[in-house]
Amino acid sequence: MFRHPIWQDWKRTAMAVLMSLPSIALAAGEEKEKKVLERSDIEKKYTWATEGIFSDDKAWEAEYAAVEKKVPEMAAFKRTPMNGADQLLKVLKAKDETDARIEKVYVYTSLIADQDTRVGAAQAMKARAQTLAVNYSQATSWFQPELTAIPFEKLDSWMREKSDLESYRQYFDNLLRRKKYILSPREEELLAMAGEVTSTPDNAYNLLKNADLKFPSIKDADGKMAELSDSAFYIMLDSADRRVRKEAYEGIVGAYAAHRNTAAALLNGAVQAHIFNMKARSYPSCLAASLDGGNIPIEVYNNLIKTVNENLPLLHRYADLRKRVLALQDGTHDYDLYCPLIAGQAPEYTYEKGVDTITTALKPLGDDYLSGMKKGFESRWVDVYPTKGKRSGAYSSGTFLTQPYILLNFHGAYSDVSTLAHEMGHSMHSLFSRKNQPYVYSDYDIFCAEVASTCNEILLQNYILANTTDPKQKLYLLSEFLESMRGTIFRQTMFSEFEQRIHEMAEKGEPLTADSLGVAYGAIMKKYYGSSYKHDALTDNYWARIPHFYYNFYVYKYATSYCAASNIASRIGKGEQGARDAYLGFLKSGSSKYPIDLLKAARVDMTSPEPIRDGMKLFKDLLDQTEAVMKELGMLQ
Ligand SMILES: [Zn+2]
């Protein structure tokens, strides 16, 4: 997961991680079973160096007080940016500096609050940092509208006359390119007022999902009663016992199905809100309105769906393989898609072995990358082990004025090593971008973020496959890799296709009801999984479980990132001349260009089918290897 230092993104990223990475939910579940240590029992070298941000809480208090004084100072700049090039530059510089300092104040508290959520004082500091951030953003809410109001010709001449201002050109371009969609002040005010209303479906859905829905209990594989929950869903679906998978699926999806009409009305509300916004700003479609935010061309989206559709026979082959290997006479049901193809073969790792493995696997990235990473391990970027009260899951954090920080909950599974490589990918991306870019471009778009992390995952995966000789262990790993690719590329593309379909239906005035949503979802499932897949009527309601459909065209980025990363990893693996340097250049670029242009510089054209085909090729390669190992083991004829 990529932890954006800006506060507003949390809810989204936190939920995205829970939904997209079953391994994280699994880690959280495992924590309960093993003996969890207190933080004081952990050697210092396995904890993150928060003292590098502030030596103690007193130092934090001092900076907090100093930054707090900046809030009225920034507010006093109101109505001055248009006074000339010098004044504009002064305001921009002051804002960059204050933004960075506030992020530093916040990041420190978020780390100490997450390392032990039971410590009230840390939670209180975090709450204060959040309040400071909110006050600051209110005090500077005039900033963007005032900049946008300056005519481009004027800005352009100011940039030409002052080279320091010229370095903000991309920043201005990004602000001004959307000017044509900005309405009159009165209309903008009305839209802002409508925001309270149009966010209601999303809020109500979250309450339905997290507060009101009740799930039944089922007998787990050991015959013990276990209460079902959304977060334990994938642990249950991972079970080798088909009865457990089926009952868990029916329990969870059944609970959503019982509220299908309410869920449909809420999803319809969210889609209508997107349509309202699209019409108000005169975009041709909801998809166009959403993609314009990151300046992503529509071809990128359409190209992903088209190319994945052309390769669906691969997914059909995978569903058929599962049917044969898991002896599913009546076909592969939705609840049969998650569990490993072979049980009890998971390799175990110590943290040191994990670090060594990653370091060797990432050698193709070159000395600069490796020495930066080595220094990161040595200077305690990583908080390694689960401890009492520590937040579950994993993320990469830190900000412009700090080193990167990684929260990990290392249990010793391969997925933990892979997660470490993933988070290291984010952290190295941050390190390179912060070293090579000014503050204003030091962060990167989510569209690029997951490329850096997934590229590491794939390089690690390739290395592990080439160096695992035990066929059963190899089969287990192959099965994990296939499942991760199914979940990230095929499943997220399928969700994207569904999302596009229901928006098009609503744009044409077709009603979105529990029935029409179910028909659309069922048709896409059948198309994706092919003739060995057995569709249950209950699965028609699965859309009701997915919060991402409220995010307005978000999940396609998981799939595009994975494909871009496959393309980069394959070219670096083959030793293509200049491929590594082009990729390192991308990591150093932050947000100094638009995401699609940054990737083009890394030699990946996301408007072409090529990178998507590379993702498909990697999946096919894993399938071939899986079938070969199975034949070797006598599991397939
Ligand atoms: Zn990530």
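Residues numbered from 1 in each chain as written. Predicted model: local features only at pLDDT ≥ 70, side-chain atom pairs only at ≥ 80, totals over all residues. Heavy atoms only, no water.

1. As for the overall build of the chain
Assigned secondary structure in the chain consists of 28 helices and five strands. Based on the C-alpha atoms only, the size of the chain along its principal axes is roughly 75 × 60 × 55 Å. Across the 637 residues that make up the chain, the buried fraction comes to 57%. Accessible area for the chain stands at about 26,400 Å²; split by element, carbon and sulfur atoms hold 52% of it. Here the chain carries 79 positive and 83 negative side-chain charges, and the mean point of each set is 1 Å from the other. (Helix = DSSP H or I, 4+ residues; strand = E, 2+ residues; numbered from the N terminus. Buried < 20%, exposed > 50% of the residue type's maximum accessible area, 1.4 Å probe, protein only. Areas by Shrake-Rupley, 256 points an atom, 1.4 Å probe, with all protein chains shown as cover. Lys, Arg positive; Asp, Glu negative; His and termini not counted. Charge placed at Lys NZ, Arg CZ, Asp CG, Glu CD.)

2. Regarding the sheet that holds strand E3 (residues 382–383)
Spatially, three strands are ordered E3-E5-E4 in an open sheet, and the strand pairing comes out mixed. In this open sheet, the two strands that pair with only one neighbour each are E3 and strand E4 (395–397). Strand direction decides the pairing type here: E4 and strand E5 (residues 405–407), joined by three bridges, are antiparallel. Among the inter-strand pairings, Ser396 is bridged to a residue of E5, identified as Ile406. Across the face of the sheet, helix H5 (residues 85–115) comes into contact with E4 and E5 while running at roughly 145° to E4. (Pairing = 2+ DSSP bridges. Contact = heavy atoms within 4.5 Å. Axes fitted to C-alpha atoms, helices over the stretch in contact; angles between N-to-C directions.)

3. Notes on the coordination of the zinc ion
Only His422 (NE2), His426 (NE2), Glu450 (OE) and Glu450 (OE) from the protein reach the zinc ion as donors, at distances of 2.1 to 2.5 Å. Going along the chain, you hit the donors of the zinc ion in the pattern H-x3-H-x23-E. Of the two residues, His426 is situated in helix H21 (residues 414–436) and Glu450 in helix H22 (residues 446–467); the sequence distance between them amounts to 24 residues. The same class applies to His426 and to Glu450, which are both buried. (Donors = N, O, S within 2.8 Å, 3.2 Å for Na, K, Ca; no water.)

4. Observations regarding the side chain of Arg281
By the element assignment, Arg281 lies in the loop between helix H15 (260–280) and helix H16 (286–292). Residue contacts for Arg281: discarding those within four places in its chain leaves Tyr181, Ile182, Leu183, Glu188 and Leu191.

5. Structural notes on helix H17 (residues 298–310)
For H17, spanning 13 residues, the distance from its first C-alpha to its last is 18 Å, which sits close to the expected 18 Å at 1.5 Å a residue. Where H17 is concerned, the buried positions are Val300, Tyr301, Asn303, Leu304, Ile305, Thr307 and Val308. (Expected span 1.5 Å × (residues − 1).)

6. Comments concerning the nonpolar core
Grouped together as the largest cluster of nonpolar side chains are 154 residues, with contacts concentrated most on Tyr351 and Trp543. Counting residues per element, this core draws most heavily on helix H23 (residues 471–507), at 15 residues. Core analysis: the second largest hydrophobic core is formed by 48 residues, Val67, Val71, Tyr136 and Phe172 among them. (Core = buried A, V, L, I, M, F, W, Y, C linked by side-chain atoms within 4.5 Å.)

7. Quick notes on the packing of H17 against H23
With their axes 10 Å apart at the nearest point, H17 and H23 run at an angle of 120° to one another. As judged from the angle between their axes, H17 and H23 are oblique. Both H17 and H23 take part in a crossing whose hand is left-handed. In this structure, H17 uses Tyr301, Asn302, Leu304, Ile305, Val308 and Asn309 to contact H23, whose residues at the interface are Ile489, Phe490, Thr493, Ser496, Glu497, Glu499 and Gln500. Class assignment for the residues of the contact of H17 with H23 results in six nonpolar, five polar and two charged. (Parallel < 35°, antiparallel > 145°, perpendicular 65-115°, else oblique. Left-handed = near helix turned anticlockwise from the far one by under 90°. Nonpolar A, V, L, I, M, F, W, Y, C, P; charged D, E, K, R; others polar.)

8. Concerning the packing of helix H8 (residues 152–161) against helix H10 (residues 169–176)
Where H8 contacts H10, the two axes come as close as 12 Å, and the packing angle between them is 175°. Taken as axis vectors, H8 and H10 run roughly antiparallel relative to one another. On H10, the residues that touch Phe152, Leu155, Asp156 and Met159 of H8 are Arg169, Phe172 and Leu176. Considered class by class, the residues forming the contact of H8 with H10 number five nonpolar, no polar and two charged.

9. Here's the deal with unusual backbone geometry
Even without a glycine there, the phi angle at Ser282 is positive, about 60°. Tracing the chain through its elements places Ser282 in the loop between H15 and H16. Its relative accessible area of 58% is what places Ser282 among the exposed residues. Positioned with a positive phi, Arg380 is a non-glycine residue whose angle comes to about 60°. With respect to the helices, strands and loops of the structure, Arg380 is situated in the loop between helix H20 (367–378) and E3.

10. Let's talk about the packing of aromatic side chains
The full count for this structure, using the stated rule, is 38 aromatic pairs. Consider the rings of Tyr351 and Phe410, whose centres lie 5.6 Å apart with planes at 85°: the pair is edge-to-face. Here Phe410 lies in the loop between E5 and H21 and Tyr351 lies in helix H19 (residues 351–361), a separation of 59 residues in the sequence. On the basis of relative accessibility, which here comes to 10%, the residue Tyr351 falls in the buried class. (Phe/Tyr/Trp six-rings, centres within 6.5 Å; stacked < 30°, edge-to-face > 60°.)

11. A look at helix H24 (residues 514–529)
Given 3.6 residues to a turn, an α-helix orients residues that are three or four positions apart in the same direction. Here H24 contains 16 residues, and its C-alpha end-to-end distance of 22 Å stays within 8% of the 22 Å for a straight helix at 1.5 Å per residue. For H24, the full list of buried residues reads Ala514, Ser516, Leu517, Gly518, Ala520, Tyr521, Gly522, Ile524, Met525, Tyr528 and Tyr529. The elements touched by buried residues of H24 are H15, H17, helix H18 (312–325) and H23. Phi turns positive one or two residues past the end of H24, at Gly530, with a value near 80°.

12. Notes on the pattern of salt bridges
Side chains that differ in sign of charge can pair as their charged atoms come close. If you walk through the whole model with that rule in mind, you get 39 salt bridges. Among the ionic pairs, Arg243 bridges to Glu247, the shortest N-O distance being 3.1 Å. Pair noted here: Arg243 and Glu247 are both in helix H14 (residues 242–257), with a separation of four residues, about one helical turn. With a relative accessible area of 32%, Arg243 lands in the partly exposed category. Salt-bridge contacts for Glu310 lead to Lys306; the nearest nitrogen and oxygen are separated by 3.2 Å. Of this pair, Glu310 and Lys306 both sit in helix H17, four residues apart, which is roughly one turn of that helix. Here Lys306 falls in the exposed class, since its relative accessible area comes to 55%. Overlapping salt bridges bring together Asp156, Arg160, Glu166 and Arg169 as one network. (Salt bridge = Lys/Arg side-chain N within 4 Å of Asp/Glu carboxyl O.)

Just geometry here; none of it tells us what the structure is for.
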